Amino acid sequence: MKQVVIRDTPIGPLTVAARSGRICAVHFGEKLAFQAGESPDLESEPVLGKAVLELEAYFSGDLREFTVPVALDGPPFHVRVWKHLTRIPFGQVETYGQIAQILGSPGGARAVGNACAANPVPVIVPCHRVLASAGLGGYGGGLPAKEWLLRHEGVL
């Protein structure tokens, strides 16, 4: 796995990881697996460079839909939720309950919330576009980051 840190984003530093030509993780903060003094070999994982460019374009307002390939590995229900998240358009939101209903699991809002919390590729797979029925709900990067992302997309 190769990683790179994007230090200057409006929601703080992000660590982006790739494996086998796909983005497999986005972490809030600097969480590098390689030793100090080393640097990621972007030539061996060119998808990292593409992810950095797309994230920078998203944060600057020039990108509304990510095209970088992602690896979504996890329990089957989580993967179904994550794939659904990629279809929520920029500037729109759904609730945990709505997604549960769409996926054929009425009453499964909490399970959708758990899947969102386990999302390995936040921002790119936009779990920030999912709200609780009475408020923002949670967010792995913290509520200020979720609020910033939703304002950026014109939702709040």
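Reference entry: report on the structure contained in this document.

Analysis parameters
Residues numbered from 1 in each chain as written. Predicted model: local features only at pLDDT ≥ 70, side-chain atom pairs only at ≥ 80, totals over all residues. Heavy atoms only, no water. Helix = DSSP H or I, 4+ residues; strand = E, 2+ residues; numbered from the N terminus. Pairing = 2+ DSSP bridges. Axes fitted to C-alpha atoms, helices over the stretch in contact; angles between N-to-C directions. Salt bridge = Lys/Arg side-chain N within 4 Å of Asp/Glu carboxyl O. Buried < 20%, exposed > 50% of the residue type's maximum accessible area, 1.4 Å probe, protein only. Disulfide = S-S within 2.5 Å. Core = buried A, V, L, I, M, F, W, Y, C linked by side-chain atoms within 4.5 Å. Contact = heavy atoms within 4.5 Å.

1. Considering unusual backbone geometry
And then number 1: Of note, the phi angle at Ser20 is positive, near 55°, even though the residue is not glycine.
And then number 2: Relative to the helices and strands, Ser20 resides in the loop between β2 (14-19) and β3 (22-28).
And then number 3: Its identity as a non-glycine residue notwithstanding, Val123 has a phi of 75°, on the positive side.

2. Quick word on the sheet that holds strand β1 (residues 2-6)
And then number 1: A sheet is described by the order of its strands in space; here three strands give the open sequence β1-β2-β3, paired in antiparallel fashion. Each edge of the open sheet carries a strand with a single partner, namely β1 and β3. Each strand of the sheet is rotated relative to its neighbour by a mean of 20°, with strand direction disregarded.
And then number 2: The pairing of β2 with β3 spans six bridges and is antiparallel. Looking at the pairing, Thr15 lines up with His27 of β3.

3. Some details on the pattern of salt bridges
And then number 1: Counted by the stated rule, this structure contains three salt bridges.
And then number 2: Here Glu30 makes a salt bridge to Arg7, at a shortest N to O gap of 3.2 Å. On the criterion of sequence distance, the pair formed by Glu30 in the loop between β3 and α1 (46-60) and Arg7 in the loop between β1 and β2 is long-range, its members being 23 residues apart.
And then number 3: Residue Asp73 is joined to Arg19 by a salt bridge in which the shortest nitrogen-to-oxygen separation is 3.9 Å. Of this pair, Asp73 sits in the loop between α1 and α2 (76-85) while Arg19 sits in strand β2; the two residues are 54 residues apart in sequence, bridging distant segments of the chain.
And then number 4: Exposure remark for Asp73: the relative accessible area of 57% places this residue in the exposed category.

4. Section: the state of the cysteines
And then number 1: Across all of its chains, the model carries zero disulfides by this definition.
And then number 2: In this model Cys116 remains outside any disulfide bridge; the closest cysteine sulfur is found in Cys127, 5.7 Å from its own.

5. A word on the pairing of β1
And then number 1: Counted residue by residue, β1 has four buried out of five residues, so it is predominantly covered.
And then number 2: Sheet topology places β1 next to β2; five bridges connect them, and they run antiparallel. Bridge pairing in β2 places Lys2 opposite Ala18.

6. What to know about the nonpolar core
And then number 1: Val16, Ile23, Leu85, Val123 and Ile124 are the most contacted members of the largest nonpolar core, which has 44 residues in total.
And then number 2: Counting only elements with at least two residues in this core, the list comes to β1, β2, β3, α1, α2, α3 (96-102), α4 (109-117) and α5 (143-152).
And then number 3: The residues touching Ile23, leaving out its near neighbours within four places in the chain, are Val16, Ala17, Ala18, Val47, Leu48, Ala51, Val68, Pro69, Val70, Ala71, Val121 and Ile124.

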